[in-house]
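# Notes for the structure review
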Amino acid sequence: MATHKYTTKLANTSVLIVGGTSGLGFGVAEALVEHGASNLYLSSSREPKVKASIERLKKSYPDAKTNIVGLACDLATEETLESNIKDLFSKIDTKLDHIVFTAGDPLGMKSLEEVDLAFFKQCGMVRFFAPFFVTKYGVKHLNPGVNSSITITTGAVAESPNKNWTTVASYAAGLAGMTRNLALELKPIRVNLIQPAAVETELWDGAFKTDEDKAKALKAFADKMATGQVGQVQDVTESFLYAMKDRNATGTVIRTDGGSMINKV
């Protein structure tokens, strides 16, 4: 009988992806279907988008045996953030092996003069406060032990400043400290942080007024990469799979940034 100790680590697992209907989250969903996950829970803010993403997956993988469930959950409203997350987990009736958080919202880019407290706080609602509470309530739904993991997503701006990105950078850098402390508090369940640089996803569509502005921005980021291109979902997705598979990795920031840090030299 053939041995498959590497390629089957994610087979028959149950995984929740918060932000799983587009971009990196949807890429992770595709990969988990290909790896034979038994249960896949996709969460996003809008019910129609959740349903459409499930249909996309089923159309792409008509023979897949993965049970795919969609769960709408608004993470952008301060007053209901915590209760919405509690409600999200109340609808999951199986023990989870992994939780992946890739949810995002339009990038909060403003000059320092334009930033007020309301804007600053709102910039962290989905990107910072939500992953904390997803972890707080989600850990109770994970199988105990080192095989289980929580993977959060930040951005390269945590270490590589950009003009007018101070609010986003503050939260992005804070996620590294959050991850390390969560890994300590929740051990032996593993907690890791993925730190991509620019990745070409739908998120960019809402960040710029015109397609020309978006193209210029992506070109500017590509010029900063040692690879000469922004990240592609099918490549950056591999970092999330690694975080789930490597039972020796916890409290770690995993970079997948096209060499943007070394390209500054």
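Quick summary incoming for the structure in this document.

About the criteria used
- Residues numbered from 1 in each chain as written.
- Predicted model: local features only at pLDDT ≥ 70, side-chain atom pairs only at ≥ 80, totals over all residues.
- Heavy atoms only, no water.
- Helix = DSSP H or I, 4+ residues; strand = E, 2+ residues; numbered from the N terminus.
- Contact = heavy atoms within 4.5 Å.
- Buried < 20%, exposed > 50% of the residue type's maximum accessible area, 1.4 Å probe, protein only.
- Pairing = 2+ DSSP bridges.
- Right-handed = clockwise from strand over helix to strand, strands pointing away.
- Salt bridge = Lys/Arg side-chain N within 4 Å of Asp/Glu carboxyl O.

### What about the environment of P131?
With respect to the helices, strands and loops of the structure, P131 is situated in helix α5 (residues 125-138). The sequence separation of P131 and I152 amounts to 21 residues, and the corresponding C-alpha distance is 6.9 Å. With sequence-adjacent residues up to four places away left out, P131 is seen in contact with F101, V126, I152 and L175.

### A closer look at the pairing of strand β1 (residues 14-18)
For a regular strand, the rule is simple: side chains alternate between the two faces of the sheet. Most of β1 is tucked away, with 5 of its 5 residues classed as buried. In β1, alternate side chains face the same way, and those of S14, L16 and V18 on one face and V15 and I17 on the other are all buried. Of the pairings in the sheet, the one linking β1 to strand β2 (residues 39-44) comprises 5 bridges and is parallel in character. Its bridge partner being in β2, V18 is matched across the sheet by S43. Viewed along the sheet, the connection from β1 through helix α1 (residues 23-34) into β2 turns out right-handed. As defined by bridge partners, β1 adjoins strand β4 (residues 98-101) across 4 bridges and the pair is classed as parallel. Each bridged residue has a counterpart across the sheet, and for I17 the counterpart in β4 is V100.

### Considerations on the pattern of salt bridges
Applying the stated criterion across every chain yields a total of 7 salt bridges. Between E78 and K121 there is a salt bridge, and its shortest N-O distance comes to 3.4 Å. Taken as a pair, E78 in the loop between β3 (67-72) and α3 (81-90) and K121 in helix α4 (residues 117-123) lie far apart in primary sequence, 43 residues in all. By relative accessible area, which is 41% here, E78 ends up partly exposed. Residue K121 is classed as partly exposed on the basis of its relative accessible area, which comes to 33%.

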